[in-house]
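Here is how the chains run, residue by residue.
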Amino acid sequence: MSGLRGQVFWVFARRAQTDPFEHVGAVKATSEAIAYVYARMNYTERNWRDMCVAPREAFYEPTPESR
Amino acid sequence: MSTASVVADNLSAEARRTIRDLLVALAESKNFLGFQYASWCICGPSIEANIALAGMAQEELGHAGVMGGLLGEDLKHGVPGKDTVVTWNKWSDQSAASAPFRMIEAWPEMIVACLALDATATATLEALKSSTYLRLAQRATKMVQEEQFHLMFGVETVRTFAALPRETRQRLAADYQRALGEAEARLASVETLSRLTALGMLAPGALGARAEFLQGVTRRLDDAWG
């Protein structure tokens, strides 16, 4: 885990159980748990049924050089 | 007349007095929490924390307003601390000296003090969910639901204190215990809830639900202190 300054977590949410999760934003936090709390309290513009967070670093995207 | 107000009108004098005193204490606690969170929402450790604090301040002050509504509408009692926050009517003469509370100026100290009071107030609301005074039971249920993220915020913020020196963490843990005692004294909730249970206003398991709630917070906090 990154130091006290934290790392970026992407936030995903959906309004109904049958909806796909959509990427709604990002938060910077020092742990998954506090990232989740920040996400819940920062992205309140819609009444989300489910919300989850994942470290930005967990997502693999090939660079142009590696394609 | 609504069913809810019939229930309130039918409260015995003792039940009315006991609930009134508890609602006043809860509203004052919520105003205190709202004031602290609002004071910190521009100087927390990150923009994410600040936004969370602003949301928590609004919810706490909203909860105080709900208590005030019950006090005013059902119990015909004045609303305590309705001028806790600066309003358009009084903003021009507002100053730090005239504020109803003092801001706790150190982040870790604010977190542990507010967590203790928030946990105690929410545990009390957990017990009030079983109240036969329906309007109170309905509102307590909603407030407990909203509080879950406040407690998560407090506990997970305590976890970030792992980087602090051991002596500092021990002092903060002791501060938390002291703040719990002060919160209990402020709310007098065990005594009050026992009286309400004896009056048949709460389910027999209400005090147990309160204790279980607080134990759950303590367990999570013990884990967070490391």
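Structure report, in brief.

Each value, and the rule that gives it
Residues numbered from 1 in each chain as written. Chains lettered and ligands numbered in written order. Predicted model: local features only at pLDDT ≥ 70, side-chain atom pairs only at ≥ 80, totals over all residues. Helix = DSSP H or I, 4+ residues; strand = E, 2+ residues; numbered from the N terminus. Buried ≥ 20, exposed ≤ 12 C-beta atoms within 10 Å, placed from the backbone. Contact = placed C-beta atoms within 7 Å. Core = buried A, V, L, I, M, F, W, Y, C linked by C-beta atoms within 7 Å. Pairing = 2+ DSSP bridges. Axes fitted to C-alpha atoms, helices over the stretch in contact; angles between N-to-C directions. Nonpolar A, V, L, I, M, F, W, Y, C, P; charged D, E, K, R; others polar. Expected span 1.5 Å × (residues − 1). Parallel < 35°, antiparallel > 145°, perpendicular 65-115°, else oblique. Left-handed = near helix turned anticlockwise from the far one by under 90°. Arc of directions from axis to C-beta.

### Description of the overall build of chain B
- Tallying secondary structure elements over chain B gives eight helices and zero strands in all.
- Its helices and strands taken in sequence order, chain B reads α-α-α-α-α-α-α-α from the N to the C terminus.
- Burial status across chain B gives 40% buried among its 226 residues.
- Within chain B, contacts between residues at least 6 apart in sequence are counted, and of these 74% link residues at least 24 apart.

### Let's talk about the overall build of chain A
- In terms of helices and strands, chain A carries one helix and three strands.
- Ordered by position from N to C terminus, the α and β elements of chain A give β-β-α-β.
- Oriented by its inertia axes, the alpha-carbon framework of chain A measures out at about 40 × 30 × 15 Å.
- In chain A, which comprises 67 residues, the proportion classed as buried is 27%.
- Restricting to contacts in chain A with at least 6 residues of sequence separation, those with at least 24 account for 48%.

### What about the nonpolar core?
- Of all hydrophobic cores here, the largest spans 73 residues; its most connected members are Ala35 and Tyr38 of chain A together with Ala116 and Leu117 of chain B.
- The biggest single contributor to this core is helix H4 (residues 107–128) of chain B, with 13 residues.
- Excluding residues that lie within four positions of it along the chain, Ala35 of chain A makes contacts with Phe9, Val27, Ala29 and Val53 of chain A.

### Examining the sheet that holds strand S2 (residues 22–29) of chain A
All names here are of chain A.
- One open sheet accounts for three strands, arranged S2-S1-S3; its pairing is antiparallel. Each having just a single partner strand, S2 and strand S3 (50–55) make up the two edges of the open sheet. Adjacent strand axes in the sheet meet at a mean angle of 30° when their direction is disregarded.
- Pairing of strand S1 (residues 7–14) with S3 involves six bridges; the strand directions are antiparallel.

### Thoughts on the interface of chain A and chain B
- Taken together, the contact between chain A and chain B spans 14 residues of the former and 14 residues of the latter.
- Those elements giving two or more residues to the side of chain A that touches chain B turn out to be S2 and helix H1 (32–42) of chain A.
- It is H1 of chain A that provides the largest number of residues to the side of chain A that touches chain B, a total of seven residues.
- A per-class count over the side of chain A that touches chain B returns eight nonpolar, four polar and two charged.

### Overview of H4 of chain B
- Along its 22 residues, H4 of chain B runs 31 Å from first to last C-alpha, staying within 8% of the 32 Å computed at 1.5 Å per residue.
- A large share of H4 of chain B lies buried, amounting to 18 of its 22 residues.

### A closer look at the packing of helix H2 (residues 13–40) of chain B against helix H3 (residues 47–74) of chain B
All names here are of chain B.
- Two elements in contact, H2 and H3, have axes separated by 8 Å at closest approach and are oriented at 160°. Here H2 is positioned roughly antiparallel relative to H3, judged by the angle of their axes. In this structure, the crossing between H2 and H3 has a hand that is left-handed. Of the residues in H3, those in contact with Arg20, Leu23, Val24, Leu26, Ala27, Lys30, Asn31, Leu33, Gly34, Tyr37, Ala38 and Trp40 of H2 are Leu53, Met56, Ala57, Glu60, Leu61, His63, Ala64, Met67, Gly68, Leu70 and Leu71.
- Considered class by class, the residues forming the contact of H2 with H3 number 16 nonpolar, four polar and three charged.

### Structural notes on helix H7 (residues 189–198) of chain B
All names here are of chain B.
- Residues of H7 that are buried include every one of Ser189, Leu193 and Leu196, and no others. In a view along the axis of H7, the buried residues occupy a sector of 60°, so they form one face of it. Residues of H7 that are exposed and point more than 90 degrees away from the buried face comprise Glu191 and Ala198.
- Among the structural elements, H2, H4, helix H6 (166–187) and helix H8 (206–225) are those in contact with the buried residues of H7.
- At the C-terminal side of H7, Gly200 shows a positive phi close to 80°.

### Re the packing of H7 of chain B against H8 of chain B
Residues and elements named next belong to chain B.
- Where H7 contacts H8, the two axes come as close as 9 Å, and the packing angle between them is 150°. Judged by the angle between their axes, H7 and H8 are roughly antiparallel. For the pair H7 and H8, contact is made by Val190, Leu193, Ser194 and Thr197 and by Ala206, Leu207 and Arg210, respectively.
- Of the residues belonging to the contact of H7 with H8, the class tally is four nonpolar, two polar and one charged.

### Considerations on the pairing of S1 of chain A
- Where S1 of chain A lies against S2 of chain A, seven bridges are found, and the strand directions are antiparallel. Counted as the bridge partner of Val11 of chain A is Gly25 of chain A from S2 of chain A.

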